[in-house]
Amino acid sequence: MKIWVVVASAARARVFERTGIKGPLTEKADLVNPQERLLRQDIEADRPGRATDRRGGQRHGVASKTDPKEQQARRFADDVVAMLEERRRGKSFELLYLVSSPHFLGLLRERMGRELAAMVKAESAKDLTHEKADSLQQHLLALF
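Criteria and thresholds
Residues numbered from 1 in each chain as written. Predicted model: local features only at pLDDT ≥ 70, side-chain atom pairs only at ≥ 80, totals over all residues. Heavy atoms only, no water. Helix = DSSP H or I, 4+ residues; strand = E, 2+ residues; numbered from the N terminus. Contact = heavy atoms within 4.5 Å. Polar contact = N/O pair within 3.5 Å; in protein donor to acceptor, adjacent residues only side chain to side chain. Buried < 20%, exposed > 50% of the residue type's maximum accessible area, 1.4 Å probe, protein only. Arc of directions from axis to C-beta. Pairing = 2+ DSSP bridges. Axes fitted to C-alpha atoms, helices over the stretch in contact; angles between N-to-C directions. pLDDT = per-residue confidence, 0-100. Salt bridge = Lys/Arg side-chain N within 4 Å of Asp/Glu carboxyl O.

Turning our eyes to something else, we now look at the environment of Gln-137. Along the chain, Gln-137 falls in helix H5 (residues 133-140). The spacing of Gln-137 and Gly-23 is 114 residues in sequence and 9.9 Å in space, taken between C-alpha atoms. Setting aside its immediate chain neighbours within four residues, Gln-137 contacts Arg-18, Gly-23, Pro-24 and Leu-25. A polar atom in the side chain of Gln-137 sits 2.3 Å from the side chain of Arg-18.

This is the structure we're talking about:
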């Protein structure tokens, strides 16, 4: 049985494969979101737009309704889920385990289709993206 373990945050997503419950982890993909390292002012370098009131003709700035860092995290979650959906259709894995920072785990969940979500066996709300594969084995024992 092919099992995939996704270890992710808004900055990085690592995909590991494990054949069987006790098999070793083999890294299959390492996706990086370089935008996550940018500061808000670097992402949103332009001044906010301007608008005019309907009454009185007063001009004022219009603030963005969504935080630029949040937009970047959502785009990256879209990319990760799109890759998983493609691999699911290609039958690359049968079970899926998610280990992700709490906020990013929520973003992944809300973007998953029904078929992919049904393949998720367990989840853990931890950011372990910087752990080495052998160290991850120890953290994942609780999930399996």
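Don't stop here, the text continues.
Along H5, the positions that sit buried rather than exposed are Leu-136, Gln-137 and Leu-140. The buried residues of H5 occupy an angular sector of 110° when projected down its axis, which confines them to one face. Exposed and facing more than 90 degrees away from the buried side of H5 are Asp-134 and Gln-138. Looking at the packing, one finds that the buried side of H5 touches strand S1 (2-8), strand S2 (12-19) and strand S6 (95-100).

Here the focus is the sheet that holds strand S3 (residues 26-32). Spatially, 5 strands are ordered S3-S2-S1-S6-S7 in an open sheet, and the strand pairing comes out mixed. Two strands lie at the open edges of the sheet, namely S3 and strand S7 (120-124), each paired on one side alone. For this sheet, the mean angle separating the axes of adjacent strands, direction not counted, is 15°. Both S6 and S7 contribute to a ladder of 4 bridges, which runs parallel. The partner of Tyr-97 across the bridge, within S7, is Ala-122. Strand contacts of H5: S1, S2 and S6, with the helix running at about 75° to S2, the strand carrying the most contacts.

Glancing now at the confidence of the model for the chain. Low-pLDDT portions of the prediction should not be read for the details of their coordinates. When pLDDT is averaged along the chain, the result is 84, and 78% of the positions lie at 70 or above. Mean pLDDT values for the elements of the chain range from 49 in helix H1 (residues 40-43) up to 97 in helix H4 (residues 114-118).

Counted by the stated rule, this structure contains 8 salt bridges. Note that Glu-85 is salt-bridged to Arg-88, the shortest N-O span being 3.0 Å. With Glu-85 and Arg-88 both in helix H2 (residues 68-89), this residue pair falls 3 residues apart, about one helical turn. Like Glu-85, the residue Arg-88 is buried in the burial classification. Salt-bridge contacts for Arg-109 lead to Glu-123; the nearest nitrogen and oxygen are separated by 2.7 Å. Of this pair, Arg-109 sits in helix H3 (residues 102-111) while Glu-123 sits in strand S7, and the two are 14 residues apart along the sequence. We classify Arg-109 as partly exposed; its relative accessible area is 45%.

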